[in-house]
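Chain by chain, the residues run as shown.
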Amino acid sequence: MIVGLVIKLAPGTIIQDMMKFKEGLFFNLLLPPIILNSGYELKRRNFFWNFGTILIFAMLGTLIAAVVTGVCTFLYAYLHPEGIHISFLDSMIFGSILSATDPVTILAIFNQLNVDPQLFSIISGESLLNDAVAIVLSDTLRKFRGQDLHISNILKGIGLFMGVFWASTFIGVLYGVLVALILKHSQLYRFPHIETSIVLLMAYSSYFFSNATQMSGIVTLLFTGIILKHYAYDNLSLKSKRATKSVFQILSQLSENFIFIYLGINLFAQDDLEYKPLFILVTLGFISIARYASVTPLSAIINAVCRALGKPEQLPYNHQMMLFWAGLRGAVAFALASGITGDSAPAMRTTILAVVVLTVLLFGGTTSRMLQVLGIRTGVIEPEETSENEEEEDSAYPSNSIQLNNDSQDNLLTALDADEDDLLLETGQSQRPIDGPDVSIGGLLSGPLGEPILGDRPPHWFVSFDDKWLKPFLTKRHIQERNMTLAEYWRDKRRTMERSNRKMLAGIRNLNLDENNNEQMNLKPVKKKSTPSTGTSSRAIYGAGRVFGRSPSLQE
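Residues numbered from 1 in each chain as written. Predicted model: local features only at pLDDT ≥ 70, side-chain atom pairs only at ≥ 80, totals over all residues. Heavy atoms only, no water.

Asks: Teacher, can you tell me more about the overall build of the protein chain here?
Replies: Scanning the protein chain from N- to C-terminus turns up 22 helices and five strands. Every one of the 556 residues in the protein chain was classed for burial, and the buried ones make up 50%. Here the analysis covers contacts within the protein chain between residues at least 6 apart in sequence; of these, 78% occur between residues at least 24 apart. For the protein chain, the accessible area works out to roughly 26,900 Å², and carbon and sulfur atoms hold 63% of it. (Helix = DSSP H or I, 4+ residues; strand = E, 2+ residues; numbered from the N terminus. Buried < 20%, exposed > 50% of the residue type's maximum accessible area, 1.4 Å probe, protein only. Contact = heavy atoms within 4.5 Å. Areas by Shrake-Rupley, 256 points an atom, 1.4 Å probe, with all protein chains shown as cover.)

Asks: Quick question: what am I supposed to make of the nonpolar core here?
Replies: One broad rule of soluble globular proteins: the nonpolar side chains tend to lie buried together. With 85 residues, the main nonpolar core has Phe26, Phe27, Leu129, Phe279, Ile340 and Ile352 as its most contacted residues. Sequence-distant contacts of Ile352, that is, excluding residues within four places in its chain, are made with Phe94, Ile97, Leu98, Ala333, Phe334, Ala337 and Ile340. The next biggest cluster of nonpolar side chains, apart from the first, holds 26 residues, and it includes Ile122, Leu298, Ile302 and Val360. (Core = buried A, V, L, I, M, F, W, Y, C linked by side-chain atoms within 4.5 Å.)

Asks: I'm lost on the packing of aromatic side chains in this one. Help?
Replies: Working definition: an aromatic ring pair is given by the centre-to-centre distance plus the angle between the planes. In this structure the tally under the stated criterion is 17 aromatic pairs. Look at Tyr40 and Tyr233: their rings are 6.1 Å apart centre to centre, the planes differ by 70°, and that puts the pair in the edge-to-face class. Placement of the pair is Tyr40 in helix H3 (residues 23–40) and Tyr233 in helix H11 (residues 217–235), with a sequence separation of 193 residues. The buried category is assigned to Tyr40, whose relative accessible area is 1%. A residue is classified by how much of its surface remains accessible, and Tyr233, at 2% relative accessible area, is buried. These aromatic residues form a ring-pair network of at least three members: Tyr76, Phe94, Phe279 and Phe286. (Phe/Tyr/Trp six-rings, centres within 6.5 Å; stacked < 30°, edge-to-face > 60°.)

Asks: Would you take a moment to explain unusual backbone geometry for this structure?
Replies: When glycine is set aside, most residues are seen to have a negative phi, and most peptide bonds are trans. Its identity is not glycine, yet Glu82 carries a phi of approximately 55°, on the positive side. Turning to its location among the elements, Glu82 is positioned in the loop between helix H5 (51–78) and helix H6 (88–98). Using a relative accessible area of 30% as the deciding quantity, one classes Glu82 as partly exposed. With a phi angle near 55°, Asn114 is a residue other than glycine that sits in the positive phi range. In this structure, Asn114 sits in the loop between helix H7 (104–113) and helix H8 (117–142). Accessibility expressed as a relative area gives 31% for Asn114, which makes it partly exposed.

Asks: Would you mind showing me how to read the environment of Phe51 here?
Replies: Topologically, Phe51 is positioned in helix H5. Look at Phe51 and you get partly exposed, because its relative accessible area is 23%. Residues Phe51 and Gly125, spaced 74 residues apart in sequence, show a C-alpha to C-alpha distance of 8.1 Å.

Asks: I'm lost on helix H17 (residues 367–374) in this one. Help?
Replies: Residues that lie three or four places apart on an α-helix share one face, since the helix turns once every 3.6 residues. Turning to H17, its buried residues number three or more, namely Thr367, Met370, Leu371 and Leu374. Down the axis of H17, the buried side of the element spans an arc of 105°, and every buried residue falls inside it. Among the exposed residues of H17, those oriented more than 90 degrees off its buried face are Arg369, Gln372 and Val373. Phi for Gly375, located one or two positions after H17, is positive at around 65°. (Arc of directions from axis to C-beta.)

Asks: Where do I start with the side chain of Gln314 in this structure?
Replies: By the element assignment, Gln314 lies in the loop between helix H13 (277–308) and helix H14 (317–325). Once residues lying within four places of it in the same chain are set aside, the contact partners of Gln314 are Asn50, Thr53, Gln118, Ile302, Asn303, Cys306 and His319.

Asks: Got a minute to help me understand a nonpolar patch on the surface in this structure?
Replies: A contiguous nonpolar patch, built from Leu63, Val67, Val71, Leu75, Phe88, Leu149, Ile151, Ile154, Leu155, Ile158, Met162 and Trp166 and spanning about 1,100 Å² of accessible area, is present on the exposed surface. Within the residue set of the nonpolar patch, elements represented by two or more residues are H5 and helix H9 (151–184). Here the element with the most residues in the nonpolar patch is H9; it accounts for six residues. The topology assignment puts Leu75 in helix H5. (Patch = residues over 30% accessible without salt bridge, like charges linked within 9 Å, V, L, I, M, F, W, Y side chains within 5 Å. Salt bridge = Lys/Arg side-chain N within 4 Å of Asp/Glu carboxyl O.)

Asks: Could you clarify how one ought to interpret the packing of H8 against H14 in this entry?
Replies: In helix packing, the relevant descriptors are the interaxial angle and the interaxial distance, both defined with respect to the helix axes. H14 packs onto H8 with a crossing angle of 30° between their chain directions and a minimal axis gap of 11 Å. Between H8 and H14, the crossing angle belongs to the class labelled roughly parallel. Helix-helix and strand crossings are classified by hand; for H8 and H14 the assignment is right-handed. Contacts from Leu119, Ile122, Ile123 and Glu126 in H8 reach His319, Met322 and Leu323 in H14. (Axes fitted to C-alpha atoms, helices over the stretch in contact; angles between N-to-C directions. Parallel < 35°, antiparallel > 145°, perpendicular 65-115°, else oblique. Left-handed = near helix turned anticlockwise from the far one by under 90°.)

Asks: Help me understand the pattern of salt bridges, please; the structure alone is not making it clear to me.
Replies: Any two side chains of opposite charge can pair, on the condition that their charged atoms come close. In this structure the tally under the stated criterion is five salt bridges. Arg291 is the salt-bridge partner of Glu126, the closest N and O atoms lying 2.9 Å from each other. With Glu126 in helix H8 and Arg291 in helix H13, this pair connects stretches of sequence that are 165 residues apart. Grouping residues by exposure puts Glu126 and Arg291 together as buried.

Asks: Would you mind going over the side chain of Thr283 with me for this structure?
Replies: Positionally, Thr283 belongs in helix H13. A polar contact is formed between the side chain of Thr283 and the backbone oxygen of Phe279, at a distance of 2.6 Å. Once residues within four sequence positions are removed from consideration, Thr283 is found in contact with Phe94, Leu98, Thr351 and Val355. (Polar contact = N/O pair within 3.5 Å; in protein donor to acceptor, adjacent residues only side chain to side chain.)

Asks: When you look at the environment of Ala335 in this model, what are you seeing that I'm missing?
Replies: Mapped onto the elements of the fold, Ala335 is located in helix H15 (residues 331–337). Remark: the alpha-carbon pair of Ala335 and Lys22, spanning 313 residues in sequence, is separated by 8.3 Å.

Asks: For this particular structure, what's the right way to read H3?
Replies: Between its first and last C-alpha atoms H3 spans 25 Å; for 18 residues at 1.5 Å apiece the expected length is 26 Å, and the two agree. The principal kink in H3, of about 45°, is found at Leu31, preceding the proline Pro32 by one to four residues. For H3, every residue scored as buried is listed here: Phe26, Phe27, Leu30, Leu31, Pro32, Pro33, Ile34, Ile35, Leu36, Asn37, Gly39 and Tyr40. (Expected span 1.5 Å × (residues − 1). Bend = angle between axes of the 7 residues up to and from the residue.)

Asks: Explain the environment of Ile86 to me, please; I cannot follow it from the model alone.
Replies: Residue placement: Ile86 occurs in the loop between H5 and H6. The class for Ile86 is buried, based on a relative accessible area of 9%. Remark: the alpha-carbon pair of Ile86 and Phe74, spanning twelve residues in sequence, is separated by 6.6 Å. Not counting residues within four places of it along the chain, the set of residues in contact with Ile86 comprises Thr73, Phe74, Ala77, Ser91, Phe279, Ser344 and Met348.

Asks: Help me understand the packing of H3 against H11, please; the structure alone is not making it clear to me.
Replies: Their axes nearest at 7 Å, the elements H3 and H11 cross at an angle of 40°. With respect to each other, H3 and H11 are oriented oblique. Judged by the twist between their axes, the crossing of H3 over H11 is right-handed. Contact residues: H3 offers Leu31, Pro32, Ile35, Leu36, Gly39 and Tyr40, while H11 offers Ile218, Leu221, Leu222, Gly225, Ile226, Leu228, Lys229 and Tyr233. When the residues that make up the contact of H3 with H11 are grouped by side-chain class, the tally is eleven nonpolar, two polar and one charged. (Nonpolar A, V, L, I, M, F, W, Y, C, P; charged D, E, K, R; others polar.)

Here it is in structure tokens:
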């Protein structure tokens, strides 16, 4: 912002012309790396377990926020304060643009503090799909400029919106499947640099192809990245796995940094800025009301459905408030603002830019404090999707792949370093977040003594279909053999550990304590129990199935 102010005050216009915001540069060069990396690095297990909730917030929540913001803006402009004149359609376009959330700052803090994985996946997943929905919604509304508002036009707009969204998703899935098949049926693993280039170029070609067919390139690129990581990643050589992850992360980080610099400079350097202070303040109030109206009712509906199905509530109150607080506006909103037309277009564009900067400073800057106030869990460590010690294995080379069989436990333990999280998804087992350093699969499966391990719950129908048909069709055979052997190994390990827990519990229950102490074993939460004493008391501490020991006699 300071640099932008200096450029604005400097004589001449050469530098100002160079730093003007260009919509084509943003959508074709800066935004694609961020979306691609988001899909490629997505925590797929949490994303798909919460996909219904994410989809509800991304589609219905975005629609509610757009309508509320648009209607409030139209009613405010109807009074013509500060000389503002905005039509109803322009107000709805304005609302759809400001419905695009971009909580990059909050997600960075979440990732650093290891916030509750379910909350993290819902906020990150919503922000990804929300940007795409906002882009499709604003483009759809622009197509009705100059037309009357009729029921037929509204229904046509809804149909057009749904058609564009799901057609874009299909294109992304198709491109991801195509890349997976190319890598499976070729020997490109011998040429890692070509392999990496093909993955990158095919991902970008899906984005441009979707835009060329009047679809949403953002939606296409997001699902291309997800499919590439779920299927094509296993077919890559070790060098290509490392290269794709590193390249995508670097390009995404550079794009995000440049976008924020771009926004800060354009806050003063734009030549058509028209600041309306009152309009900026009321717009902040409108988007806050709209965010609350989209989060609270939908959360109540989701929790009601969970209760009706006999499941625990998915969104407690503190998570709802954090969802509300994560409603930052970002660069996507400012980029879409460049297409606004009308008498008050400069004021609307300036207001959107100011709202983006203010929400990042206000909401993003107070995220850590809000986590403390709301009492949201932090420090929840999950196993990485891929191993940090990938140099010990190269699953894409058949000649060097790890050969697994039921009699080779050492090889199994070596192979476990790879894709532990994917294995949990494929076998249908759920993983509970844990607080502490024990993040091994053994630690996750064992559970505390006194709390028997629950049996394997039936896998989701798509997981079963994926294991039986899609994975064998899209990935190499030795990858499937390894995954099947690992799944069977952990099922046997789980049964063995449950039997051990039961035997130990039975042994503890059969223990006879000294009758003189008049004490009984129990499996209630930890507490201290004292016996009648004659001046001194002996204290025994009991836990959920464990006797932790006896403390020395202490004077009362």
